[in-house]
Structures are given as structure tokens and as C-alpha cells.
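Descriptive structure summary
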Amino acid sequence: MAHAVISCLHANHAALEAVLADIDQQGIDTITCLGDLVGYGPQPNEVVELIRQRAIPTCQGCWDEDIIEGLNACDCSYPSQLAERRGHLAHQWTADQLSEENKDFLANLPMSLRRDRLLFVHGSPNSQHEYLLPDMDAFAALERVETAGADTLFCGHTHHPYVRELRDGSIRVRVQEGVASGGPSVEREINLPVRRIINAGSVGEPRHGGTSATYVIHDEAADSVEIREVPYDVERTCRAIVESGLPPIFAWRLRHGFEYAERADDASHVCER
């Protein structure tokens, strides 16, 4: 059975519509969302309502938490003070726009979802705000998956899709036998299990260098993973960002698929065709 995993929608209705249409075309009925329904983008209510209408199981992202709990809940870092001010502006704008019903929906999202040995989280099993980057120390990455009691961990948050297999191997550690009695220190070999981390990337704010929305399809029967890229009407979202009064640089970043955008705060370079 194949299922789709989406993440980081960021109030981008056009991108979400395109991804859901692509999933439907694949004949996939099971979808899991890894959170961050809102933030940065111009259509927070529309995105939350579409997820609710489709009854898509969703775990809480860091933006979803912060809108409810306030900015003090967030330990994410910004690349500059200017970027931080933009982030705070987007937070306030989103909080003002969201209906109370949709805020209540975000407030009651679970931290994680589980199906057998598959675990679905936004950032990591420890926090919505922790980044599981593809070059994270292998032992630390394995620890995140293993201590959560999962074989495969699905995450988002980084906006960069990837599949990382933590393959069979072993490590040698030195332990002290009979600690209470001051026993000798000996080496032991510990066998490491095969585990996997799958990052779904981002539907609403791709940062992998391209503008296409990304999500993943996991075929459980074949034990295969496909990262799919879906083009959508980026210009529609860019225009909505500018028209809404959000920082125009958000549109520039979306149009170029970049993570950081420290260009001037003017609209002259936004959404060029």
C-alpha cells in the first residue's frame, strides 16, 4: 500500500491544491501531513480548511505551535535580525488572520503520529523545532529513530527532501564491568539496526533550489520511497503575498526556491516573469 507524506504547507493554497491533485492522480488515498500549515504564506485559513475538509491526519508543526503558544515557544534561529523582524511580522499577521476555529484545530494537533513501526513528526521526535539535517551525525540520527521505537521516521521542517538509510553496522565502545566493585574496563561491540529517515521537503515553501512543491510517496509493499516535485502557479502565491501586506521578500524567496533572502525590502524584483 502506498501512502503520501506532505509537510510545510506554509499557507500556500496554490501549492497545496497542486500537490493534492497529483496525489489523487496517483490513486493514493492515504495522506499524512507533518505540520506547519501556516506561516509566511498568504492563505492560512484556506490551507487549514482544506486539510480539515480532506480529513488528512496531521501532526503539529513549529509554526502551528507558535501561533497558539506565542513566539516564546520557538527556539528556531533566524539568519539575521532583519529576517527575525520579518518572521515576527508574519507571525502577527497570521495570528490576526486565522479564525478561532482554525486556531483551535492547530492547538489540538498531536506532536506525532504512528502507524506500526512508522513514525511521523514535524522536526524530530524530541521537538517540532529540531532540524534533522541529512548530514547529521549518523549515531545521533540513529538515536532519534531508535529511541522513538521506529524503523522509519518521517519528518519535515528543513524544507529539503531527502531519504537517508542508517545501514547495518557496529561500533566498539569501552564499558566498565562491575562498576560498583571497580571492575576492569573492556571493549564491547554493539550491532546497529537498519533505520531510515525520510524528509518530505516542503509543499508551500521549497528551499531546495527549485520552485516546485515536494512531497514523498512511500510504497510499503515494495519498501520504496519516491520524492515527487510538483510545479504549481508560483506567481499566484507571490502576488497574494505582496497584496496581503506581508514582506515582499517572502515572494522573492518563494520564486527562487532559496532559504535565505537578504535583498532589499522592495517589490521591484518580485515575481518577474
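Quick caveat, the model's predicted, so the values are computed rather than measured.

**Things to note about the nonpolar core**
Core analysis: the largest hydrophobic core is formed by 45 residues, its most contacted members being I6, L9, L16, I23 and L37. Non-local contacts of I23, meaning those with residues more than four positions away in its chain, are made with A4, I6, I28, I31 and Y215. L119, V121, L132 and L166 belong to the second largest nonpolar core, which has 14 residues in total.

**Some details on the packing of aromatic side chains**
Applying the stated criterion across every chain, the model contains three aromatic pairs. Among the aromatic residues, those joined into a ring-pair cluster are Y40, W63 and F250. For R253, the ring lying beneath its charged end belongs to Y40, and the centroid distance is 4.8 Å.

**Observations regarding the sheet that holds strand β9 (residues 195–199)**
Across the sheet, which stays open at both edges, the five strands sit in the order β3-β4-β5-β9-β6 with mixed pairing between neighbours. The sheet is open, and its two edges are formed by β3 (112–115) and β6 (162–166), each paired on a single side. On average, each strand axis in the sheet is tilted by 15° relative to the strand beside it, whichever way the strands run. The pairing of strand β4 (residues 118–121) with strand β5 (residues 152–155) spans three bridges and is classified as parallel. Residue pairing in the sheet places L118 in a bridge with T152 of β5.

**Notes on the layout of surface pockets**
Taken as a whole, the second largest pocket encloses approximately 180 Å³ of empty space. Around the second largest pocket, the lining is made up of 13 residues, and of these L118, D151, T152, R196 and D223 lie nearest the centre. Each residue belonging to the lining of the second largest pocket can be placed in one class, and the counts come to two nonpolar, two polar and nine charged.

**Let's talk about the sheet that holds strand β10 (residues 213–219)**
If you trace the four strands from one edge of the open sheet to the other, you get β2-β1-β10-β11, paired in mixed fashion. Two strands lie at the open edges of the sheet, namely β2 (30–33) and β11 (224–230), each paired on one side alone. In this sheet, adjacent strand axes meet at a mean angle of 25° when their direction is disregarded. As paired strands, strand β1 (residues 2–6) and β2 are joined by four bridges and run parallel to one another. For V5, the partnering residue across the bridge sits in β2 and is T32. Its contacts with the sheet put helix α1 (residues 13–25) on β1, β2, β10 and β11, and the angle it makes with β10 is roughly 25°.

Here is what the cut-offs are and how they apply
Sequence order as written defines the numbering, with residues in each chain counted from 1. The model is predicted, so local features are restricted to residues of pLDDT at least 70 and side-chain atom pairs to those at 80 or more, both for listing and for counting; the totals for chains, interfaces and linings are taken over all residues. Heavy atoms throughout the structure, all of them, feed into the side-chain values; hydrogens and water do not. Definition of nonpolar core: a set of buried residues of the types Ala, Val, Leu, Ile, Met, Phe, Trp, Tyr and Cys, connected through side-chain atoms within 4.5 Å. Note on exposure labels: buried denotes an accessible area under 20% of the residue type's maximum, exposed denotes more than 50%, and partly exposed covers the range between, all computed with a 1.4 Å probe on protein chains only. Contact criterion: two residues are considered in contact whenever any of their non-hydrogen atoms come within 4.5 Å of each other. When two rings of Phe, Tyr or Trp (its six-membered ring) have centres within 6.5 Å they constitute a pair, described as stacked for plane angles under 30 degrees, edge-to-face for angles over 60, and tilted for the intermediate range. Either the NZ atom of lysine or the CZ atom of arginine qualifies as a charge over a ring when it sits within 6 Å of the ring centre and within 35 degrees of the ring normal. Strand pairing is assigned whenever DSSP identifies at least 2 bridges connecting the two strands. Secondary structure elements are taken from DSSP: a helix is a run of H or I of four residues or more, a strand is a run of E of two residues or more, and numbering for both begins at the N terminus. Only the stretch in contact is used when a helix axis is fitted, and all axes are lines through C-alpha atoms; the angle between N-to-C directions ranges over 0 to 180 degrees. Grid points spaced at 1 Å and placed over the protein atoms alone form the basis of the search, with a cavity being a set where a 1.4 Å probe fits but cannot get out and a pocket an open set showing protein on both sides within 12 Å along at least five of seven lines. Lining residues have an atom within 4 Å of a point. Grid points are joined across faces, edges and corners, and a volume is the space filled by probe spheres set on the points. Residues were grouped as follows: Ala, Val, Leu, Ile, Met, Phe, Trp, Tyr, Cys and Pro as nonpolar; Asp, Glu, Lys and Arg as charged; and all remaining residues, including Gly, as polar.

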